[in-house]
Protein chains: 2
Amino acid sequence: MTVSRVLRNRGDVSEATREKVLNAARNLGYVPNKIAGALASQRVNLVAVIIPSLSNMVYPEVMTGISAMLEDTGLQPVVGVTHYQPDREEAVLYEMLSWRPSGVILAGLEHSDAARAMLSNAGIPIVEIMDVDGQPVDSVVGISHRRAGLKMAEAILAAGYRRIGFLGTMMPYDHRARKRMEGLQEGLARAGIVLADQEFYSGGSALLKGREMTETILARSPDLDFLYYSNDMIGAGGLLYCLDKGIDVPGQLGLAGFNGVELLDGLPRQLATMDACRAEIGRIAAEIIAGKRPGMAGGRVIGGEQVELTPKLQPGDTIRRAG
Amino acid sequence: MTVSRVLRNRGDVSEATREKVLNAARNLGYVPNKIAGALASQRVNLVAVIIPSLSNMVYPEVMTGISAMLEDTGLQPVVGVTHYQPDREEAVLYEMLSWRPSGVILAGLEHSDAARAMLSNAGIPIVEIMDVDGQPVDSVVGISHRRAGLKMAEAILAAGYRRIGFLGTMMPYDHRARKRMEGLQEGLARAGIVLADQEFYSGGSALLKGREMTETILARSPDLDFLYYSNDMIGAGGLLYCLDKGIDVPGQLGLAGFNGVELLDGLPRQLATMDACRAEIGRIAAEIIAGKRPGMAGGRVIGGEQVELTPKLQPGDTIRRAG
DNA sequence: TTGAAAGCGCTAACAC
DNA sequence: GTGTTAGCGCTTTCAA
């Protein structure tokens, strides 16, 4: 039918007919059925985005980058949440793939075998985001959390701290926090230093947990001179705790978090952190799906792209000036 | 085909055939095509959720409530974000309706005429959430922001404050913040008091903005004795500012925010706030879509449901004890 | 318990 | 520039 052509601004249609159709559509309150359209054309303007959580702030920011980039490509992101559970990830992925999206963006490089198999067989661009320490299925955009931890270790040591504690989530599937801790340990090991203590939490208000954990770890290991938190929210809690207690930060005790969340800007003191390049990651991932990356003239390359971003250390004022 | 029956656990199929089909499916890495399925069955297991923003924390929490409830109904939420722009809302709604979802959950009661028309004609359950002050299209679940503001006015006056300032977003389309301010003004008016000053912001780190706005409004109106913030994040910023400056809270200056975000638990002092019942709203909205509300034995009632929740005042310790 | 056939509402290819 | 036709991959209905 000509109607189809008008509604999609396709092919040659006379202005008159066009107007007529548009009017009729408006008056009838006609909403096209994309299900039928997709079935007929074998094309779906949806991009599956699979992330572990929406309450982490990091992911909403990645989403923002994705949405912004996708805005004028005609593609629409569809979000699925896994709650850091591999089996949920598998289920969500299956569900989404059954709608035949144009591409998949998903967090992390660790997936169940079944999920990997689905991704490999999907025949659409797959972009794994956030992390580059591992074997991607197709494309990957992220930072090396291992190197981030290592870099932080160097900064800590350069500033003269020696008794370092790590505070983070207990979640067994937060692979990126784990890699940062491993990177930190490796960096310390190079200087012959061992992580002095560690403390984990799960659930609850991150800010409050940060306070509690800080109190706990300092009670247990009063000689610690640096605390590395796995995220900025618990780090901010720790900072507020130290200020309350009159602990000399960064003289007596140094602090650092991770992510570079904008929340930190309003704190009484600026927590040291490392920017995880969240919006940037989202933007690039979306570009890859949309086939908009420079150097890829339309046709997709087999094997995918590997983009490693470099997180910048933001020393803030909770870490002593080196030297 | 029999295959279809197996994959949907439908009708009578012999165990033998069933096994055979399941095996074949697994080996081929078969993922059913829901597009075709949906077209044939005229049923789609998707629920459209349309919200203004993901960075507001409030909406991710509503999402959590929705997801949790939908978990075992076979329905899947699909998120669309409007950035508080009516035309974006209209576009997102159009896009989503064209996938023929089983229901729509969307924030607020204010929509463009076109959007209203689409909603009315969609022939599926519509649930407007967050706010009950207005005319719903179908069902509605939320709180009265006007009454929330009014109740806050009463609490403020009862505690003896008289020179009240309001601080909020400049966004012209944040109708709920506007209604809270109007409620506040109405409550003050009953005691013959007029809002002493107000200050608005847009964009940026809410915590930081809260600090800046507080400084600005106090510089302009040093005699204010209470500040009512349109959300907890800017309120928290204001609280941190006051503590920095050594302002006596709540003696000299009372503070209150809105939402009851869990972040507040980690602050040095507990900001007074009012719980917006976010997860609860999400849960009930999802129940309505899933047809799970008690008293609705399957068949949906024309006209929809109206659920008004009552926000609780959490006085914290930034408001003087009354009397 | 299984197979065959029709058709969901569109798009693509081709004829007019 | 416009109409016609044959599917897209399923579900549904009905017959075997």
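Residues numbered from 1 in each chain as written. Chains lettered and ligands numbered in written order. Predicted model: local features only at pLDDT ≥ 70, side-chain atom pairs only at ≥ 80, totals over all residues. Heavy atoms only, no water.

Re the overall build of chain A
1) Next: In terms of regular secondary structure, chain A is built from 11 helices and 12 strands.
2) Next: Here chain A holds 323 residues, and the buried ones make up 54% of them.
3) Next: Here the contacts in chain A between residues at least 6 apart in sequence split such that 67% fall between residues at least 24 apart.
4) Next: Of the roughly 13,700 Å² of accessible surface on chain A, a fraction of 52% belongs to carbon and sulfur atoms.
5) Next: Where the 34 positive side-chain charges of chain A centre and where its 37 negative ones centre are 5 Å apart. (Helix = DSSP H or I, 4+ residues; strand = E, 2+ residues; numbered from the N terminus. Buried < 20%, exposed > 50% of the residue type's maximum accessible area, 1.4 Å probe, protein only. Contact = heavy atoms within 4.5 Å. Areas by Shrake-Rupley, 256 points an atom, 1.4 Å probe, with all protein chains shown as cover. Lys, Arg positive; Asp, Glu negative; His and termini not counted. Charge placed at Lys NZ, Arg CZ, Asp CG, Glu CD.)

Some points on unusual backbone geometry
When glycine is set aside, most residues are seen to have a negative phi, and most peptide bonds are trans.
Residue and element names in this part refer to chain A.
1) Next: Residue Pro-250 is reached from Val-249 by a cis peptide bond, and omega for that bond is 10 degrees.
2) Next: Turning to its location among the elements, Pro-250 is positioned in the loop between α10 (232-245) and β9 (254-256).
3) Next: Here His-83, not a glycine, exhibits a phi torsion of approximately 55 degrees, which is positive.
4) Next: With respect to the secondary-structure elements, His-83 resides in the loop between β2 (76-81) and α5 (86-97).
5) Next: Accessibility expressed as a relative area gives 40% for His-83, which makes it partly exposed.

Section: the nonpolar core
1) Next: In this structure, A:Ile105, A:Ile129, A:Leu184, B:Ile105, B:Ile129 and B:Leu184 are the most contacted members of the largest nonpolar core, which totals 108 residues.
2) Next: What B:Ile129 contacts, discounting residues up to four positions off in sequence, is B:Val62, B:Ile105, B:Leu106, B:Ala107, B:Gly108, B:Val141, B:Ile281 and B:Ala285.
3) Next: Within the second largest apolar cluster, 50 residues are counted, among which are B:Met213, B:Leu227, B:Val261 and B:Leu267. (Core = buried A, V, L, I, M, F, W, Y, C linked by side-chain atoms within 4.5 Å.)

Points about helix α11 (residues 278-290) of chain B
1) Next: The end-to-end C-alpha distance of α11(B) is 19 Å, a good match for the 18 Å that 13 residues give at a rise of 1.5 Å each.
2) Next: For α11(B), the full list of buried residues reads B:Arg278, B:Ile281, B:Gly282, B:Ile284, B:Ala285, B:Ala286, B:Glu287, B:Ile288 and B:Ile289. (Expected span 1.5 Å × (residues − 1).)

Focus: the interface of chain B and chain A
Buried accessible area, meaning the area lost when the parts come together, often serves as the stated size of an interface.
1) Next: At the junction of the two partners, chain B supplies 43 residues and chain A supplies 43 residues.
2) Next: Three residues, B:Val31, B:Ile35 and B:Trp99, lead the burial of chain B against chain A; their summed loss comes to 16% of the area buried on that side.
3) Next: Between A:Glu95 and B:Lys34 there is a salt bridge, and its shortest N-O distance comes to 3.4 Å.
4) Next: Across the contact surface, chain B and chain A share 14 residue pairs in polar contact (both at pLDDT 80 or more).
5) Next: Those elements giving two or more residues to the side of chain B that touches chain A turn out to be α3 (34-41), α4 (58-70), β2 (76-81), α5 (86-97), α9 (206-220) and α10 (232-245) of chain B.
6) Next: In terms of residues, the side of chain B that touches chain A owes the most to one element, α3(B), which gives five residues.
7) Next: Broken down by class, the residue content of the side of chain B that touches chain A amounts to 26 nonpolar, eight polar and nine charged. (Buried area = accessible area lost by both parts, 1.4 Å probe. Salt bridge = Lys/Arg side-chain N within 4 Å of Asp/Glu carboxyl O. Polar contact = N/O pair within 3.5 Å; in protein donor to acceptor, adjacent residues only side chain to side chain. Nonpolar A, V, L, I, M, F, W, Y, C, P; charged D, E, K, R; others polar.)

Some words on empty space enclosed by the protein
1) Next: All told, the structure shown has two cavities of 30 Å³ or more when counted by the stated rule.
2) Next: Considered as a void within the structure, the largest cavity measures approximately 260 Å³ in volume.
3) Next: Lining the largest cavity are 19 residues; nearest its centre among them are A:Leu46, A:Val78, B:Leu46, B:Val78 and B:Trp99.
4) Next: By residue class, the composition of the lining of the largest cavity is 15 nonpolar, two polar and two charged.
5) Next: Lining the second largest cavity, in full, are A:Leu207, A:Ala236, A:Leu240, A:Leu263, A:Leu267, B:Leu207, B:Ala236, B:Leu240, B:Leu263 and B:Leu267.
6) Next: Of all the secondary-structure elements, those providing two or more residues to the lining of the second largest cavity are α10 of chain A together with α10 of chain B. (1 Å grid on protein atoms, 1.4 Å probe; cavity = no way out; pocket = protein on both sides within 12 Å on 5 of 7 lines; lining within 4 Å. Points joined across faces, edges and corners; volume = space filled by probe spheres on them.)

Quick notes on the protein's contact with DNA strand C
1) Next: Near DNA strand C, the surroundings consist of 20 residues, among which A:Ser4, A:Tyr30, A:Arg43, B:Thr17 and B:Gln42 are the closest.
2) Next: When atoms of DNA strand C within 4 Å of the protein are split into backbone and base, the sugar-phosphate part holds 69%.
3) Next: Interatomic distance of 2.6 Å between a side-chain N/O atom of A:Tyr30 and a phosphate oxygen of DNA strand C.
4) Next: Here a phosphate oxygen of DNA strand C sits 2.8 Å away from a polar atom, N or O, in the side chain of A:Arg43. (Near = heavy atom within 4 Å.)

Here we look at the packing of aromatic side chains
1) Next: Taken as a whole and assessed by the stated rule, the structure comprises seven aromatic pairs over all chains.
2) Next: Ring plane angle 85 degrees and centroid distance 6.2 Å describe the contact between A:Trp99 and B:Trp99, whose orientation is recorded as edge-to-face. Linking A:Trp99 in the loop between α5 and β3 (103-107) with B:Trp99 in the loop between α5 and β3 (103-107), this pair reaches from one chain into another. Accessibility classification places A:Trp99 together with B:Trp99 in one group, the buried group.
3) Next: Judged by centre distance (6.4 Å) and plane angle (50 degrees), the rings of B:Phe166 and B:Phe200 are tilted. On the criterion of sequence distance, the pair formed by B:Phe166 in strand β6 (residues 164-169) and B:Phe200 in strand β7 (residues 197-201) is long-range, its members being 34 residues apart.
4) Next: Grouped by ring-pair contacts, the aromatic residues A:Phe166, A:Phe200 and A:Tyr228 constitute a single cluster.
5) Next: Lying across the ring of A:Tyr161, A:Arg320 places its NZ or CZ 4.1 Å from the centre.
6) Next: Lying across the ring of B:Phe258, B:Arg180 places its NZ or CZ 3.9 Å from the centre. (Phe/Tyr/Trp six-rings, centres within 6.5 Å; stacked < 30°, edge-to-face > 60°. Lys NZ or Arg CZ within 6 Å of the ring centre and 35° of its normal.)

What about α10(B)?
All names here are of chain B.
1) Next: Between its first and last C-alpha atoms α10 spans 20 Å; for 14 residues at 1.5 Å apiece the expected length is 20 Å, and the two agree.
2) Next: Counting buried positions along α10 yields 10 of 14 residues, so the element is predominantly enclosed.
3) Next: Of the residues making up α10, those classed as buried are Asp-232, Ile-234, Gly-235, Ala-236, Gly-237, Gly-238, Leu-239, Leu-240, Tyr-241 and Cys-242.
4) Next: In this structure Asn-231 caps α10, since a side-chain oxygen of it lies 2.9 Å from the backbone nitrogen of Met-233.

As for the domain arrangement of chain A
All names here are of chain A.
1) Next: Here chain A is described as being made up of domain 1 (2-22 + 31-143 + 278-308) and domain 2 (145-275).
2) Next: The gap between the C-alpha centroids of domain 1 and domain 2 is 35 Å.
3) Next: Across the contact, 14 residues belong to domain 1 and 14 residues belong to domain 2.
4) Next: When domain 1 packs against domain 2, the two sides together hide about 1,300 Å² of surface, and 48% of this comes from carbon and sulfur.
5) Next: Run the count over domain 1 and domain 2 and you get four salt bridges.
6) Next: Asp-131 is paired through a salt bridge with Lys-179; the nearest N and O atoms lie 2.4 Å apart.
7) Next: The interface formed by domain 1 and domain 2 includes 12 residue pairs in polar contact (both at pLDDT 80 or more).
8) Next: Counting residues per element, the ones that place at least two in the side of domain 1 that touches domain 2 are α4 (58-70) and β4 (126-131).
9) Next: In terms of residue class, the side of domain 1 that touches domain 2 is made up of eight nonpolar, one polar and five charged. (Domains from an automatic or database assignment.)

A closer look at the pattern of salt bridges
Residue and element names in this part refer to chain A.
1) Next: Enumeration according to the criterion identifies 44 salt bridges over all chains in this entry.
2) Next: Salt-bridge contacts for Arg-293 lead to Glu-305; the nearest nitrogen and oxygen are separated by 3.3 Å. In this pair, Arg-293 is assigned in the loop between α11 (278-290) and β11 (306-308) and Glu-305 in the loop between α11 and β11, connecting sequence segments 12 residues apart.
3) Next: Owing to a relative accessible area of 16%, Arg-293 belongs among the buried residues under this scheme.

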